[in-house]
Amino acid sequence: MIHILICDDDPDFVLDLHKKLEKQYGHRKPCIEITDICDPAKITRQDAQKADIIFLDVDMGKISGIDLARKIRMVRKDAVLIYVSNYLQYAPSGYEVNAFRYIEKSDLKNKLPVYFEQALVVCLKEKACISVICEKTEIEIPVSSFVYAEVYQKTHSLLLHLNQYKPDTLITNMTISSLEKKASELGFLRIHKSYLVNMSFIKSISSTITVLKTGEELPTSARGYQNIKSIWLEWKGNQ
């Protein structure tokens, strides 16, 4: 389920945007749920927490859409935020709250189809999971929390290293090759015969060491270095 929040003090605009989003999304999966709010003061903490994509006006009477976004970011940092407003001069302020896009209401018909699809790509990427079997139980691990997998030398099983996830390590009897087949399309790269890494966490790659944003250093396959770095740079350029 993708949760979408629309907040604007113009009820007619909220209804129109709601209909446009439903029409564009159609019957795709996962399903979408749209919450319409015309009074920004009525946005609850729960509304903010569950919102994956947020459409906000900037000027809503006594409440600024910029100030409202700051409060939302305190409880939902990764929501995709799109401003839809008549006031283009406020667009630079959107950078303060990590706004994804800014659309003038007069240009909604042209910009919404493209920006909404882009927002969906980001949203679905954040929601993407990899299923692994740990102690005969299937577990869904968010890609955004999966840092890397290494062959656990004592048993030849895989030790999974996770970030902002409890527990921070898991052991699975999957082979690294079978996990690679599942994860390669989700941005994972085999940097060594014993290491499969989420490219989102890679800081740099040399012929001997791959440095992660977590501070860890992993071995790079010297024989495959050129191809490994080429794949990473191409992936990085497409982000």
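Before any of the text, the structure's been laid out above.
Residues numbered from 1 in each chain as written. Predicted model: local features only at pLDDT ≥ 70, side-chain atom pairs only at ≥ 80, totals over all residues. Heavy atoms only, no water.

A look at the overall build of the chain
- For the chain, the helix and strand inventory stands at 6 helices and 17 strands.
- Projecting the C-alpha coordinates of the chain onto the three principal axes gives extents of approximately 65 × 40 × 30 Å.
- Within the chain, the fraction of its 239 residues that count as buried is 42%.
- Working note: accessible area of the chain is about 13500 Å², and carbon and sulfur atoms make up 51% of it.
- A gap of 6 Å separates the mean positions of the 32 positive and 30 negative side-chain charges of the chain. (Helix = DSSP H or I, 4+ residues; strand = E, 2+ residues; numbered from the N terminus. Buried < 20%, exposed > 50% of the residue type's maximum accessible area, 1.4 Å probe, protein only. Areas by Shrake-Rupley, 256 points an atom, 1.4 Å probe, with all protein chains shown as cover. Lys, Arg positive; Asp, Glu negative; His and termini not counted. Charge placed at Lys NZ, Arg CZ, Asp CG, Glu CD.)

Let's talk about the pairing of strand S8 (residues 129–134)
- Relative to strand S9 (residues 137–142), S8 runs antiparallel, the two sharing 6 bridges. Considered in S9, the bridge of Val132 is made with Ile139.
- What sits between S8 and S9 in their antiparallel hairpin is a turn of 2 residues, with Glu135 showing a positive phi close to 50°. (Pairing = 2+ DSSP bridges.)

Structural notes on the sheet that holds strand S3 (residues 53–56)
- Judged by pairing direction, the sheet is parallel, and its 5 strands sit side by side in the order S2-S1-S3-S6-S7 without closing on themselves. The open sheet terminates on both sides in strands that have one partner only, identified here as strand S2 (32–37) and strand S7 (101–104). Pairs of neighbouring strands in the sheet enclose a mean axial angle of 15°, with direction left out of account.
- Pairing between strand S1 (residues 2–7) and S3: 4 bridges, direction parallel. Residue Cys7 lies in a different strand from S3, and its bridge partner there is Leu56. (Axes fitted to C-alpha atoms, helices over the stretch in contact; angles between N-to-C directions.)

Here's the deal with the sheet that holds strand S16 (residues 209–212)
- Pairing in this open sheet of 3 strands is antiparallel, and the strands run S15-S16-S17 from one edge to the other. Every other strand in the sheet has two partners, leaving strand S15 (202–205) and strand S17 (217–219) as the edge strands with one partner each. Averaged over all pairs of adjacent strands, the angle between strand axes in this sheet comes to 25°, irrespective of strand direction.
- Pairing of S16 with S17 involves 3 bridges; the strand directions are antiparallel. By the bridge assignment, Ile209 is partnered in S17 with Pro219.

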